Structures are given as structure tokens and as C-alpha cells.
Amino acid sequence: MATTTTTQGSEVQGHGAHADHGHAGHGRELQHHFETAQQQKEAATLGMWVFLVTELMLFGGIFMAYTVYRWAFPDIWAEAAHHLNTPLGALNTVVLLVSSLTVALAVNAAEEGRKQRLIRLLGVTMVLGVAFLGIKGYEYSEKFAHCAGYETPIAWATSGAPLGETECLVPGRAFVFPAAHGEAAADAHHEVTPGQSSPYQLFYLLYFIATGLHAVHMLIGLSIVGMLTFMAARGVFTSVYSTPVEIGGLYWHLIDIIWVFLFPLFYLVH
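Per chain, residues are indexed from 1 in the order of the written sequence. The predicted origin of the model limits local features to residues at a pLDDT of at least 70 and limits the giving and counting of side-chain atom pairs to 80 or more, whereas totals for whole chains, interfaces and linings rest on all residues. Side-chain metrics rest on all non-hydrogen atoms present in the structure, leaving aside hydrogens and water.

Remarks on the overall build of the protein
Phase 1: Comment: elements are numbered from the N terminus, with helices defined as DSSP H or I runs of at least four residues and strands as E runs of at least two. The secondary structure content of the protein amounts to 9 helices and 0 strands.
Phase 2: Listed N to C, the secondary structure of the protein is α-α-α-α-α-α-α-α-α in terms of helices and strands.
Phase 3: For the protein, with 270 residues in total, the buried portion stands at 39%.
Phase 4: Contact between two residues is taken to exist if any of their heavy atoms lie within 4.5 Å; hydrogens are not considered. Taking the contacts inside the protein whose residues are at least 6 apart along the sequence as the reference set, 71% of them involve residues at least 24 apart.
Phase 5: Surface summary for the protein: the accessible area is close to 14,500 Å², and the carbon and sulfur share equals 66%. Each residue gets one of three labels from its accessible area relative to the maximum for its type: buried under 20%, exposed over 50%, partly exposed in between, using a 1.4 Å probe on protein chains only. We get accessible surface area from the Shrake-Rupley algorithm with a probe of 1.4 Å; when it comes to residues, only the shown protein chains can shield them.

Next up, the structure:
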């Protein structure tokens, strides 16, 4: 009986040692519920794609509302788009497309185990993301400056040049579409009224909701890239383990793709 117990105990210890050795051989980055690093990567990638689908569904509702209202008010949609800053929107598009390139290069650097190159590319991506938000913030501030009666945000801050016409394109009780353009739309058999009942407000409401939600996603993306940069500096990523960089890159590409749709839908509709 004693001999049997010892044998069984040895077998159990041997099995445990074999299991520990098996996981130790995969590297410390492998979670205990995965058998191989490839299996872990595939599971993480699948989970991220499922999440991205839910994000597309979120923006899909906004795009559907946009489609319905544009069909109902095509002339008003075209007139309203003239008052967006298309050059700034185009500049932001270029900024995001370049950031998408730097992210793709960062993923490649992580897969090759090039630590310094990875850190530099992630840093450039963050700079481009901050630049995008800065440009978008200035564009928003133009709209609020006009509501306050000033031509530019700088004039608003310094009590400088006033705006030549009454205009407030921020949705709310103070919303006012410029009279000259309002008369042009009226000639096209659309009723033009100031305040919340103005159909122009639908365009700008969707504009602020869509671009504002996109800006929130950009902030989240910057947080993710910042964390990846911190992890890269600590040497977490190697040529064997770079899955978080790839997953973060997928999220950043989602941000870029959504903007590629938002820019023509709002800025180029006229």
C-alpha cells in the first residue's frame, strides 16, 4: 500500500512538473488558459473584431439618421455644408491617414522586435492624434465664436473684429442660420425659421454628434497608444509577443476609417 501511494504521488508530481514546464516554455506572456501563443493571439484578434463590429453598429445608427434627413432636406443639406471649414477638415483627413501609416509601421516594428523604432512610431502617432484633436477643437471654437458675435476664436478671446452677419450654428435655442443662405433655401420651397424649428439645425446636430463621438474615440485611442508606448519602453513586446500592439492598431484604424466616411458626408455634400 505504501509503495502504491508513493508511486501515485510521484506520478502526480511528475505530471504537474511537466505541465509547468510546458507553460514555462511558451513564455511568461502566455496566459494559463491558452495552450499556445498563436491560440492566444487568434482569440484576442477575434475578440477585437467583434468589438469593432459593435462600434460600426453605433456609428451606423448615426449614418442612417444622416441618410434619412439628407433625403428629406437635400437643398438644406447642401447649403448647410458650405458653412463648415472644408480646408481644416481636409487637413485633418491627411493627418489621420498619415497616423494610420505610422500605426501600421509600428505593428511591423513590434513584430520584428525593433524596440526603439516601435517607440518612435507610436510617439509620432500620438502627436498626429493630438494635432487632429487640436484642429477639430479650433473648428468647434469657430462655431462658438460666431455665436458670440466674433469672426474668429482669436477675435473672441481678444474682443477683436465682430462677425459681419448674425450666425450661430451650434444647435440650441440660439441657433441662427445666416439670412442670405436662408433666403436661397426658401426660394427652393423650404420653410426657413430661426431657432430650434429650423431644419438647418438637423444638419449641425448630426455634425456635432458624429464628429464629437469620433473625437471621444480619438481620446480613447490616444490613451491606448500611450499605454502601448509605456509598455514598449519597458520592453514588454518582443518579436514573439506583440499582440497588444496589433490590437491597438486595429482600434486606431477604426478611428481613421470612420473619419474617411464623415469627411465627405458632411464637408463635401455641397
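Things to note about the side chain of Glu142
Phase 1: Structurally, the position occupied by Glu142 is in helix H5 (residues 115-147).
Phase 2: For the buried Glu142, no salt bridge exists, and the shortest N-O distance to an oppositely charged side chain is 4.6 Å, to Lys143.
Phase 3: In contact with Glu142, other than residues within four places in its own chain, are Asn85 and Pro153. Only four residue types enter the charge count: Lys and Arg as positive, Asp and Glu as negative, with His and the chain ends excluded. For salt bridges, the criterion is a side-chain nitrogen of Lys or Arg within 4 Å of an Asp or Glu carboxyl oxygen.

Points about the packing of aromatic side chains
Phase 1: Working definition: a ring pair exists when centres of Phe, Tyr or Trp rings (six-membered ring for Trp) sit within 6.5 Å. Plane angles under 30 degrees give stacked, over 60 give edge-to-face, the rest tilted. Taken as a whole and judged by the stated rule, the model has 18 aromatic pairs.
Phase 2: Ring geometry for Phe63 versus Phe261: centroids 6.3 Å apart, planes at 50°, classification tilted. Here the residue Phe63 occupies a position in helix H2 (residues 37-72), and Phe261 occupies one in helix H9 (residues 243-267), the gap between them amounting to 198 residues.
Phase 3: Among the residues examined, Phe63 registers a relative accessible area of 22% and is labelled partly exposed.

Section: the nonpolar core
Phase 1: Each nonpolar core is a collection of buried residues, namely Ala, Val, Leu, Ile, Met, Phe, Trp, Tyr and Cys, held together in the definition by side-chain atoms within 4.5 Å. Counting residues in hydrophobic clusters, the biggest one holds 58 residues, and the most contacted among them are Leu118, Phe203, Tyr204 and Phe266.
Phase 2: Those elements that place two or more of their residues in this core are H2, helix H3 (74-81), helix H4 (86-111), H5, helix H8 (200-233) and H9.
Phase 3: Ignoring any residue separated from it by four or fewer positions in sequence, one finds Leu118 in contact with Ala106, Ala109, Ala110, Ala232, Phe237 and Val245.

Observations regarding unusual backbone geometry
Phase 1: Positive phi, close to 55°, is recorded for Ser159, a residue that is not glycine.
Phase 2: Within the fold, Ser159 resides in the loop between helix H6 (153-158) and helix H7 (179-187).

Description of the environment of Gly160
Phase 1: When you line up the elements, Gly160 lands in the loop between H6 and H7.
Phase 2: Classification of Gly160 as partly exposed rests on a relative accessible area of 32%.
Phase 3: Along the primary structure Gly160 and Tyr150 are separated by 10 residues, whereas in three dimensions their C-alpha atoms are 7.3 Å apart.

Notes on the packing of H4 against H9
Phase 1: One can describe the packing of H4 onto H9 by two numbers: an axis separation of 9 Å at closest approach and a directional angle of 160°. One way to sum up the angle between H4 and H9 is to call them roughly antiparallel. Every pair of crossing elements has a handedness; the one defined by H4 and H9 is left-handed.
Phase 2: For the contact of H4 with H9, a count of residues per class yields 15 nonpolar, 8 polar and 3 charged. Interaxial angles span 0 to 180 degrees and are taken between N-to-C directions of axes, which are lines fitted to C-alpha atoms, for helices over the stretch in contact. In this scheme, roughly parallel covers angles under 35 degrees and roughly antiparallel covers those over 145, while 65 to 115 is roughly perpendicular and the rest are oblique. Handedness of each helix crossing follows the sense of rotation of the near helix against the far helix: counterclockwise by less than a right angle gives left-handed, clockwise gives right-handed. When residues are grouped by polarity, Ala, Val, Leu, Ile, Met, Phe, Trp, Tyr, Cys and Pro land in nonpolar, Asp, Glu, Lys and Arg in charged, and all others, Gly among them, in polar.

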